[in-house]
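Summary of structural features
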Amino acid sequence: MNQIIFILLCFVAIWCVRCQLTDSENNCPGYTIQNYILGPDGYTMQPRVNDGNPIQQSRPGKIGPRGVQGVKGEKGSKGEPSGTPNNLVLELQMLKRKMQKINNDQQMLKMEVDEIKTLLDSNTSDNIFTCDDIDGDENDSGTRLISPDPGNVEPFNVRCDFTGTTETVIEHDTMGEIEITTKCGPRKCYKRPVRYDVSMQQIVALINRSSQCRQFIKYRCKGNRIFSGNHYEATWLSRDGTQMHYWGGATSRRVGYCACGETGTCRHSNLDSAYKCNCDNYDNDISSDEGYLTDKDTLPVTEMQFGDLDDSYEAGWHTLGPLRCTGPSGRNYN
């Protein structure tokens, strides 16, 4: 009897499994695995129920519409760089080559500058005492280094003027015409010091080395005087500070004289023979006296002084040119 029951149970089990594997036409309603759930004990299966009746599985329906897209997640961390792009590597290599070329050019330029300096120092020490020792034309005019008294005075820069007769030129801080704005009455109350580009020792060395030196001086006046007899309203100071009472152009260097006083051509001199300068007429018209100072023993001018400028109609304008020297002197420096 037991054997018969066992055979029947095996037959039922085989039939159920066959229904699970081949039931495409719902031949085993209510007995498919999908209609069973795990029981409370966690081991046995029990049928799904709906209102107390086992669920009868039907054929699957059509696929439903797609659901709403979910919220976008947080952005992930940045990944590791993949390495230097090839074009950037090429640019860095080109830049490195350019920098190397610039460094090489700088070194070459420095070597050339050093050679030029060496050449200039050699020429200055041995040959170039003044601009007369340089063979140049008008296009070569410009700044040069000279050494008038080698071993005793330091070499210094001057301007070489090769226009016409070669001249060695030293400039100062009072170049060009300057209007006197100070209102003062006493004689020589206005003072204008002159500061040169080089030391007085260097200037004197050039003067001693040169055969001739000169410096242009001019005064334009309105209602005031330069000398007017022995009044001496104006003066200029020599390199040792001595007051000089003759004006540019008076080659005789006579006290109280301007250039027109030596030639008898001063303005209104026919009215007063005491007028030895155009500015001495003391009227309201603008006059002027000018010319070159040429005394090597007193040059250069170190200061200019003017007075008689206190009235509203009185005015004055002064001009002082650079020191100009030319020609070698016969002095032996060896």
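Sequence order sets the numbering: in each chain, residues are counted from 1 along the sequence as written. Only residues with pLDDT of at least 70 get local features here, since the model is predicted, and only at 80 or more are side-chain atom pairs given and counted; chain-wide, interface and lining totals rely on the full set of residues. As a convention, hydrogens and water are excluded, and side-chain values are obtained from all of the structure's heavy atoms.

Further remarks concern the sheet that holds strand 14 (residues 303–306). What the four strands build is an open sheet, ordered 9-14-11-12; its pairing is antiparallel. The open sheet has two edge strands, strand 9 (190–193) and strand 12 (243–244), and neither has a second partner. For two strands to be treated as a pair, DSSP must find no fewer than two bridges joining them. Going along the chain from the N terminus, every DSSP run of H or I of four or more residues is numbered as a helix, and every run of E of two or more is numbered as a strand. Strand direction decides the pairing type here: strand 11 (residues 235–237) and strand 12, joined by two bridges, are antiparallel. When the sheet's bridge partners are listed, Leu-237 is paired in strand 12 with Gln-243.

Moving on: the side chain of His-245. By the element assignment, His-245 lies in the loop between strand 12 and helix 4 (259–263). On the accessibility criterion, His-245 (17% relative accessible area) is buried. To sort residues, take the accessible area from a 1.4 Å probe on protein chains only and compare it with the maximum for the residue type: under 20% means buried, over 50% means exposed, and anything in between is partly exposed.

Quick look at the nonpolar core now. The biggest cluster of nonpolar side chains holds 43 residues, and the ones touching the most others in it are Ile-170, Tyr-219, Ile-226, Trp-236, Trp-247 and Phe-306. Elements supplying a minimum of two residues to this core: strand 6 (156–161), helix 3 (200–209), strand 10 (210–222), strand 14 and strand 15 (315–328). Ranked by the residues each element gives to this core, the list is headed by strand 10, at four residues. Here the nonpolar core consists of buried residues drawn from Ala, Val, Leu, Ile, Met, Phe, Trp, Tyr and Cys, with membership extended through side-chain atoms lying within 4.5 Å.

Attention now moves to the packing of aromatic side chains. Geometry of aromatic contacts follows a simple scheme: Phe, Tyr and Trp rings, the Trp one being its six-membered ring, pair when their centres are within 6.5 Å, and the pair is stacked under 30 degrees between planes, edge-to-face over 60, tilted otherwise. Going through the model one piece at a time under the given rule, you end up with seven aromatic pairs. Pairing Phe-227 with Trp-247 gives two aromatic rings, centres 6.4 Å apart and planes at 75°, and the pair type is edge-to-face. Of the two residues, Phe-227 sits in the loop between strand 10 and strand 11 while Trp-247 sits in the loop between strand 12 and helix 4, which places them 20 residues apart along the sequence. Each member of the pair, Phe-227 as well as Trp-247, carries the same accessibility label: buried. Centre to centre, the rings of Trp-247 and Phe-306 are 6.0 Å apart; their planes meet at 70°, and the pair counts as edge-to-face.

Let's shift gears to the environment of Met-304. As for its position among the elements, Met-304 is in strand 14. With a relative accessible area of 0%, Met-304 lands in the buried category. Residue contacts are defined here by distance: any two heavy atoms, one from each residue, within 4.5 Å place the two residues in contact. Once you skip the residues sitting within four places of it in the chain, Met-304 turns out to touch Thr-174, Tyr-190, Lys-191, Arg-192, Ile-217, Thr-235, Trp-236, His-318 and Leu-320.

To continue, consider the state of the cysteines. Two cysteine sulfurs form what is called a disulfide whenever their separation falls within 2.5 Å. Within this structure, the stated rule accounts for six disulfides. The disulfide partner of Cys-221 is Cys-279, and the gap between their sulfur atoms is 2.0 Å. Of note, the bridge from Cys-221 to Cys-279 carries an S-S torsion of about -105° and is left-handed in sense. Within this pair, whereas Cys-221 is found in strand 10, its partner Cys-279 is found in the loop between helix 4 and strand 13 (286–293), the two being separated by 58 residues in sequence. Note on accessibility: Cys-221 and Cys-279 belong to one class, buried.

For the protein, per-residue confidence averages 82 on the pLDDT scale, and residues scoring 70 or more make up 73% of the total. Along the chain, pLDDT gives the predictor's confidence residue by residue, from 0 to 100. Contacts of residues 21–27 to residues separated by more than four positions or lying in other chains number four contacts, the stretch itself having pLDDT below 50.

On to the environment of Leu-206, then. Along the polypeptide, Leu-206 turns up in helix 3. With 58 residues separating them along the chain, Leu-206 and Pro-148 place their C-alpha atoms 5.5 Å apart. Beyond its immediate sequence surroundings of up to four residues, Leu-206 is in contact with Thr-130, Ile-146, Pro-148, Phe-156, Thr-168, Ile-170 and Cys-325.

Once that is clear, we can look at the pattern of salt bridges. Definition used for salt bridges: Asp or Glu carboxyl oxygen within 4 Å of a side-chain nitrogen of Lys or Arg. Within this structure, the stated rule accounts for eleven salt bridges. The shortest N-O distance in the salt bridge between Arg-220 and Glu-177 comes to 2.9 Å. Here Glu-177 lies in strand 8 (residues 177–179) and Arg-220 lies in strand 10, a separation of 43 residues in the sequence. Residue class for Arg-220 comes out partly exposed when judged on its relative accessible area of 22%. Each of Asp-161, Glu-167, Arg-214 and Arg-324 takes part in salt bridges that share partners, so that together they form one network.

Considered for burial, the residues of helix 3 that qualify are Gln-202, Ile-203, Ala-205, Leu-206, Ile-207 and Arg-209. Against strand 5 (142–146), strand 6, strand 7 (167–170), strand 10 and strand 15 lie the buried residues of helix 3.

With that settled, consider a negative patch on the surface. Each patch is assembled from residues with relative accessible area greater than 30% and no salt bridge, linking like charges that lie within 9 Å and nonpolar side chains (Val, Leu, Ile, Met, Phe, Trp, Tyr) that lie within 5 Å. Shrake-Rupley sampling with a 1.4 Å probe provides the accessible areas, and residues are treated as covered by the protein chains on show and by no other component. Only four residue types enter the charge count: Lys and Arg as positive, Asp and Glu as negative, with His and the chain ends excluded. To locate a charge, take atom NZ for lysine, CZ for arginine, CG for aspartate or CD for glutamate. A contiguous patch of negative charge on the surface is contributed by Asp-135, Asp-137, Glu-138 and Asp-140. Within the fold, Asp-135 resides in the loop between helix 2 (86–126) and strand 5. On the basis of relative accessibility, which here comes to 80%, the residue Asp-135 falls in the exposed class.

Another point: the pairing of strand 6. Direction of pairing for strand 5 relative to strand 6: antiparallel, over a ladder of five bridges. Each bridged residue has a counterpart across the sheet, and for Thr-143 the counterpart in strand 6 is Arg-159. Remark: five residues form the turn of the hairpin made by strand 6 and strand 7, two consecutive strands paired antiparallel; Gly-164 in that turn has positive phi of roughly 75°.

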